[in-house]
Amino acid sequence: MRRSIGYRCAMSSGRFCYLCGAVTEELFHGLCSPCFLGEKELASIPPRISVSLCRGCFRYYSSGSWVDGGESLTGFVETVGRKEALSHVSKELKDPSVDVEIKDIKEKGKGLSVELELRVSGTTSGLEYRQTLNTVLQIKNVTCPDCSRRSGGYYEAIVQLRSEHLDDTVTKFHEQIGRLYARDKQAFIVGETLVKGGVDFKLGSAKAAKTVATYFKSHYKAVIKETASLVGRKEGNDIYRITVLIRI
Ligand SMILES: [Zn+2]
Ligand SMILES: [Zn+2]
């Protein structure tokens, strides 16, 4: 009996997808590319994500620390959505990227409820892969420890700024504190008093007081004097408050 060699030759480059039976040039684990991609769930996201956002400094709480939430609410929502989606993406997905679309924003209790659509894309086994995810980001308005210290008038240092060109010096001082605050939310000013020959500032961070003194020393040849005084004890440790005199 003649074998159907001719048939095999005609179809030599074609192979069958075991799922849909389609004839294809290339199989991926026995499947045609639509079936192969259709079988895959390379991205996932929980239906709800809760996040605490400090409305004082616009930082949010993530894995044990307060992280900068950016400049705007939209930017913040996009950053969190993208980060969450990427943290749930399978290693099989290469070069993953996420487009975030805000579907709806509602006020809810002491915060906001934001509906998000996340479009994940990348490649797997050399094929383009896309998947759409939906989640609700629940933003809870909170006050972070630094902002609550600030509103409570907490300070670790008094800076005595003395200068013959007080206006300029005070402007520079505010500039430097602003720069430090961008990185350290305890570098805030809770008091500013005009005194003879200068201004006294109460600063939330002793470290910031020292840094700003170093700045004036190196840029304006200021004379610096630092003293510390015991103001109390907490959990068995002495609490000091420093006074930094900056004379230009
Ligand atoms: Zn198929
Ligand atoms: Zn804050």
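Residues numbered from 1 in each chain as written. Chains lettered and ligands numbered in written order. Predicted model: local features only at pLDDT ≥ 70, side-chain atom pairs only at ≥ 80, totals over all residues. Heavy atoms only, no water.

A. Representation of the sheet that holds strand β10 (residues 189–195). The strand order across the open sheet formed by five strands is β10-β11-β9-β13-β12, and the pairing between neighbours is mixed. Among the strands making up the open sheet, the edge pair consists of β10 and β12 (223–234). The average undirected angle you get between the axes of adjacent strands in this sheet is 15°. By the bridge criterion, six bridges tie strand β9 (residues 157–162) to strand β11 (residues 198–203) in an arrangement that is antiparallel. Residue pairing in the sheet places Arg 162 in a bridge with Gly 198 of β11. (Pairing = 2+ DSSP bridges. Helix = DSSP H or I, 4+ residues; strand = E, 2+ residues; numbered from the N terminus. Axes fitted to C-alpha atoms, helices over the stretch in contact; angles between N-to-C directions.)

B. Spotlight on the coordination of the zinc ion (ligand 1). Cys 17 (SG), Cys 20 (SG), Cys 32 (SG) and Cys 35 (SG) make up the full set of protein donors to the zinc ion (ligand 1), lying at 2.3 Å. Each donor residue of the zinc ion (ligand 1) lies on one chain, and together they are spaced C-x2-C-x11-C-x2-C. Each member of the pair, Cys 32 as well as Cys 35, carries the same accessibility label: buried. (Donors = N, O, S within 2.8 Å, 3.2 Å for Na, K, Ca; no water. Buried < 20%, exposed > 50% of the residue type's maximum accessible area, 1.4 Å probe, protein only.)

C. Looking closely at the environment of Leu 19. Residue position: Leu 19 is located in the loop between β1 (15–16) and β2 (23–24). Of the residues examined, Leu 19 reaches a relative accessible area of 48% and is grouped as partly exposed. As a C-alpha pair, Leu 19 and Asp 200 span 181 residues in sequence and 78 Å in three-dimensional space. Excluding its chain neighbours within four sequence positions, the residues that come into contact with Leu 19 are Leu 31, Cys 35 and Glu 39. (Contact = heavy atoms within 4.5 Å.)

D. Layout of the domain arrangement of the protein chain. Taken domain by domain, the protein chain comprises domain 1 (41–143) and domain 2 (152–247). Computed over C-alpha atoms, the centres of domain 1 and domain 2 are 38 Å apart. (Domains from an automatic or database assignment.)

E. Broad picture of the coordination of the zinc ion (ligand 2). Distances from the zinc ion (ligand 2) to its protein donors, Cys 54 (SG), Cys 57 (SG), Cys 144 (SG) and Cys 147 (SG), fall within 2.2 to 2.3 Å. Its four donor atoms give the zinc ion (ligand 2) angles of 105 to 113° at the centre, a pattern that matches the tetrahedral case. All donors of the zinc ion (ligand 2) belong to a single chain; written as a sequence motif, their spacing is C-x2-C-x86-C-x2-C. Residue Cys 57 is located in the loop between β3 (48–54) and β4 (59–62), and its partner Cys 144 is located in the loop between β8 (127–142) and α4 (145–151); the two are separated by 87 residues in the primary sequence. (Tetrahedral: all angles 85-135°; square planar, octahedral: opposite > 155°, others 65-115°.)

F. A look at the packing of aromatic side chains. In the structure shown here, the tally under the stated rule is eight aromatic pairs. Aromatic rings pair up to connect Phe 58, Tyr 60 and Phe 76 into one cluster. The residue whose ring lies beneath Arg 150 is Tyr 181, and the NZ or CZ to ring-centre distance is 5.2 Å. Over the ring of Tyr 181 we find Lys 185; its NZ or CZ atom is 4.5 Å from the centre of that ring. (Phe/Tyr/Trp six-rings, centres within 6.5 Å; stacked < 30°, edge-to-face > 60°. Lys NZ or Arg CZ within 6 Å of the ring centre and 35° of its normal.)

G. Region of interest: unusual backbone geometry. Here Asp 95, not a glycine, exhibits a phi torsion of approximately 45°, which is positive. Locating Asp 95 in the fold gives a position in strand β6 (residues 94–108). Overall, Asp 95 belongs to the exposed group, its relative accessible area being 68%.

H. Focus on helix α5 (residues 166–183). Across its 18 residues, α5 extends 26 Å between first and last C-alpha, which sits within 8% of the 26 Å expected from 1.5 Å per residue. Among the residues of α5, Leu 166, Thr 169, Val 170, Phe 173, Gln 176, Ile 177, Leu 180 and Tyr 181 are the ones counted as buried. Down the axis of α5, the smallest arc covering the buried residues is 140°, so these residues share one side. The exposed residues of α5 that point more than 90 degrees off its buried face are Asp 167, Asp 168, Arg 179 and Ala 182. (Expected span 1.5 Å × (residues − 1). Arc of directions from axis to C-beta.)

I. Here's a closer look at the environment of Lys 217. Looking at where Lys 217 falls in the secondary structure, it is placed in helix α6 (residues 206–220). Given a relative accessible area of 52%, Lys 217 falls into the exposed group. With 93 residues separating them in the primary sequence, Lys 217 and Thr 124 have C-alpha atoms 57 Å apart. Sequence-distant contacts of Lys 217, defined by excluding residues within four places in its chain, comprise Ala 222 and Ile 224.

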